[in-house]
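Working through the structure, step by step
The residues making up each chain are set out below.
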Amino acid sequence: YLPLEHKQAIYQYMLNVYDSADLPQTDNNSNTILLYKKGDPADPVKSYRPIGLANSLYKLYTRFLTTAYYRYAENNRMLHSLQGGFKKYTGTTENITQYIMAIEDSIMHDTDMYVLYLDLSSAFNTVDHDKLLQIMYEMGFPHSAIKAVRKLYTKATTSIITDLGTTNPIPVNRGTIQGDSLSPFLFLLFIDPLFRWLHCGSRGYRYHTLHGEAREDLQLPGQGFCDDTKIITRTAGDMEIQCKKLSEYLAWTGMQVNHGKCAVTARIGNKGNGTSSAQIKKLKTILGVINAKPQTHPQGESQRIKISGKPIPFLPPTQPYKYLGYDVTLTLEWKHLFKRIYKDIQETGEHIAASLATTRQKERMMLQILLPKIGYHLHIAPYNLADLAKLDVLLTRIFRKVWKLKNSYPTRLIHRPKELGGFGFPSIMQECAARASATLINALNDQQRLGHTSRAMINTQATLLAGIDKDTSETATKYCTLIRLAQWAARANLKLIKGNEGRETDLFTNLKLPIVEEMNKWKSTMYTDKYYEVPFEVYSKLLPLGIQSIHDLLEPGKMQPRLIDTNTLQERYGQQVKAMHRIALNNLTKLLYEDPDMLGEFRYTNSTEPYPEQQRKITNKTLISELRTDRDNNLDEKNIMQWIQTTRAATREMAPQPQTQTSGTHTTPPTKRRTRKPPLKQRMDKLYKEELRSAAQPEEPQPPTKKRRKKNKRKPRKEPETKTPDLPDEIGEQFAIQEILYVRDVN
């Protein structure tokens, strides 16, 4: 919001400072505050993180330098691709996806893999300024850029703010100022020679899904994200050599590692999955593991793998190591991650529900704290459907506590959009589909290392899964992350397109996997030109039982979608199932089984007996209400209300008319059973009658006749305003918009 003259003055000031490479002394002075991390609060060195508070002009100047230096480095490809931190268009998702694909490649081809996790001690605070300038010179930065960085830290001082006061200015002779935008980029330059050296010698892991020169060029000797670094090799001898390189680099730069937090783990191929006690014992023999410190390192330390002459703790392949927030094992067991996340969500949710914040604030905290904690790990599809259901139940339970709702409050109303009478709280399944599709598209569209390995991996996994039985899909895709991501996207009705416009093919259909034939059949239903809605009166009677979607009524483990019978409904939902519910299920079963073209001649049934297995199948022509697609996207309020009135009016006409029973020459009306309507049914009937009454009223009032003129002189009766109750409605399910995600050509 500054005037143009002020901006020009600041710009000219920045140019003068850069040309002279000399900042005023007031700009080089900064204050440092200590933010608590973890550990002993009385230890100001290990338990606190120093954050620098610099002058505004100084931060603006370093921001200009960061932008210019980063563009120069990217245009000239100076930064190694193995480092993914502090870069544009890269994040932890790409890093962990690349690592997991390497583990899957090792498991599928039964090869060895050795991994060393590093923990650098105070990485930003141990950067040597002279070595940094030397690295910038060797990488090819201009002399003016090197001179500007040298002047920034030559006269730099900082004062530490404590509870007892502020210290005198302390010279910054080592390390970078955390909180400054230039510090992360300088750290990338400082650690870049290590990754270049590790890449030399071809000792990294080679993907067996790649062939020819790509296997050699795209080897994975290690990965880094800021100061989180790991080294990957094929043999223990290669790991020993890589550790010697690391030790020499640390001695040259003066950096240190925390040996207690480092770990070396491995998986032996050609010997099964490497999890038996005999195989782990053999692995310890290969690495020279000795249990010298059972209290601090119960698994022992490797005397063969050392850094700076000190042994590294051994980690079995079945035990997790927390890397970038993921509890990763070389066997890809995610039960440790699920257990930790579930406990964390449960404890945090209890604190939120018991806090003194308002209800709206608590709901906002759930959206900003709990959902991101779960969604962060969904990019790699680590959970199965049972785990996702547990997380969804946990979130809805916390949501009911926040809003002080009863435990019997329907879950579907919690997830229903606010404009349709619900709370609008997102479901985990929706989050899964969004994260899975984003990860899959980014991986397949990438033009670097991640893209080449992803495209080769998904084809290899599809070939290996061609003979897998359909009923073991979750077990079969345990080591196929990309296939699981595609499955999640297919479950959410997302169509992933391979190719450009004019020659589009469905990526998921082209995989030709028997384990996804069921989803392809459901998808063939979704992409038809005709759509038939299930009448509201058919399935509305099942909503009070807590049934959220048609999936709650499907028989598990069936290739052909088939509904449960009335006896199974009674077993699932117990005594709350009445005759009306059994009749509603039979009507729904009959409607989904018969030809949709005969919908106008549909005859309702009053039978409560279970239907045979053959008549409970869902035909491929039928499109149930929650899978309806609005291709025109005309979802404004006016069109929705018109659709409500039209659908319910048609449903009223299609409802079964009471028939008379003949007995000889006399006709007797059918006897009606007096059943006590539940409160939910009464409210639904009330809303239904009100909408029919409003639909029947003409748009323009008719002029009064002469006979009724006296009556019109009276003050018309004011109708009470009716608020739309929070009732289950058909709109939320029938207007589930089908989203189509386009993938660029990946050939």
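Quick summary incoming for the structure in this document. (Residues numbered from 1 in each chain as written. Predicted model: local features only at pLDDT ≥ 70, side-chain atom pairs only at ≥ 80, totals over all residues. Heavy atoms only, no water.)

1. A few points about helix α22 (residues 579-593)
Between its terminal C-alpha atoms α22 stretches 21 Å, which fits the 21 Å expected from 15 residues at 1.5 Å a residue. Burial within α22 is extensive, with 11 of its 15 residues counted as buried. Buried residues of α22: H581, R582, A584, L585, N586, N587, L588, T589, K590, L591 and L592, and no others. (Helix = DSSP H or I, 4+ residues; strand = E, 2+ residues; numbered from the N terminus. Expected span 1.5 Å × (residues − 1). Buried < 20%, exposed > 50% of the residue type's maximum accessible area, 1.4 Å probe, protein only.)

2. Remarks on the packing of helix α1 (residues 4-20) against helix α3 (residues 56-75)
At a minimum axis separation of 11 Å, α1 and α3 run at an interaxial angle of 70 degrees. Our classification of the angle between α1 and α3 gives roughly perpendicular. Here α1 contributes I10, Y13, M14, V17 and Y18 to the contact with α3, which in turn contributes L57, L60, Y61, F64, L65 and Y69. Residues of the contact of α1 with α3, tallied by class, amount to 11 nonpolar, no polar and no charged. (Axes fitted to C-alpha atoms, helices over the stretch in contact; angles between N-to-C directions. Parallel < 35°, antiparallel > 145°, perpendicular 65-115°, else oblique. Contact = heavy atoms within 4.5 Å. Nonpolar A, V, L, I, M, F, W, Y, C, P; charged D, E, K, R; others polar.)

3. A few points about the pairing of strand β3 (residues 113-119)
Counting buried residues along β3, six of its seven residues qualify, which places the element largely inside the surrounding structure. Relative to strand β9 (residues 263-267), β3 is paired through five bridges, and the arrangement is antiparallel. The residue of β9 that forms the bridge with L116 is V264. Of the strand pairs in this sheet, β3 and strand β8 (residues 228-233) are connected by six bridges, and their pairing is antiparallel. Bridging from a neighbouring strand, D119 pairs with D228 of β8. (Pairing = 2+ DSSP bridges.)

4. Examining the environment of K131
Along the chain, K131 falls in helix α5 (residues 129-139). With 122 residues separating them in the primary sequence, K131 and T253 have C-alpha atoms 6.7 Å apart. If sequence neighbours within four positions are ignored, K131 has contacts with F190 and W252.

5. Notes on unusual backbone geometry
Unusually for a residue other than glycine, D110 sits at a positive phi of about 55 degrees. With respect to the helices and strands, the residue D110 is situated in the loop between α4 (92-109) and β3. Non-glycine residue S202 carries a positive phi angle of around 55 degrees. When you line up the elements, S202 lands in the loop between α7 (182-199) and α8 (213-217).

6. What about a nonpolar patch on the surface?
A cluster of nonpolar residues, L57, L60 and F64, forms a patch on the protein surface that exposes about 230 Å² of accessible area. Positionally, L57 belongs in helix α3. (Patch = residues over 30% accessible without salt bridge, like charges linked within 9 Å, V, L, I, M, F, W, Y side chains within 5 Å. Areas by Shrake-Rupley, 256 points an atom, 1.4 Å probe, with all protein chains shown as cover. Salt bridge = Lys/Arg side-chain N within 4 Å of Asp/Glu carboxyl O.)

7. Comments concerning the packing of aromatic side chains
Going through the model one piece at a time under the given rule, you end up with 22 aromatic pairs. Judged by centre distance (6.5 Å) and plane angle (85 degrees), the ring pair of Y99 and Y117 falls under edge-to-face. Taken together, the residues span a long stretch of sequence, with Y99 in helix α4 and Y117 in strand β3 at a distance of 18 residues. Summarising the burial analysis for this pair, Y99 and Y117 share the class buried. Summarising the aromatic geometry, the rings of W403 and F423 are spaced 5.1 Å apart at their centres and angled 55 degrees between planes, so their arrangement reads as tilted. Highlighted residues: W403 in helix α13 (residues 385-403) and F423 in the loop between α14 (411-415) and α15 (428-445), separated in sequence by 20 residues. Note on W403: relative accessible area 21%, which makes it partly exposed. The class for F423 is buried, based on a relative accessible area of 14%. Grouped by ring-pair contacts, the aromatic residues Y69, Y70, Y72, F141 and F185 constitute a single cluster. The ring of Y99 carries the charged tip of K230 above its face, separated from the ring centre by 4.5 Å. (Phe/Tyr/Trp six-rings, centres within 6.5 Å; stacked < 30°, edge-to-face > 60°. Lys NZ or Arg CZ within 6 Å of the ring centre and 35° of its normal.)

8. Side note on the environment of Y153
For Y153, the location among the structural elements is in helix α6 (residues 143-154). We classify Y153 as buried; its relative accessible area is 6%. A sequence separation of 21 residues divides Y153 from R174, and the C-alpha atoms of the two residues are 8.7 Å apart. The residues contacting Y153, other than those within four sequence positions of it, are H129, V172, G175, T176, I177, D180, S183 and L186.

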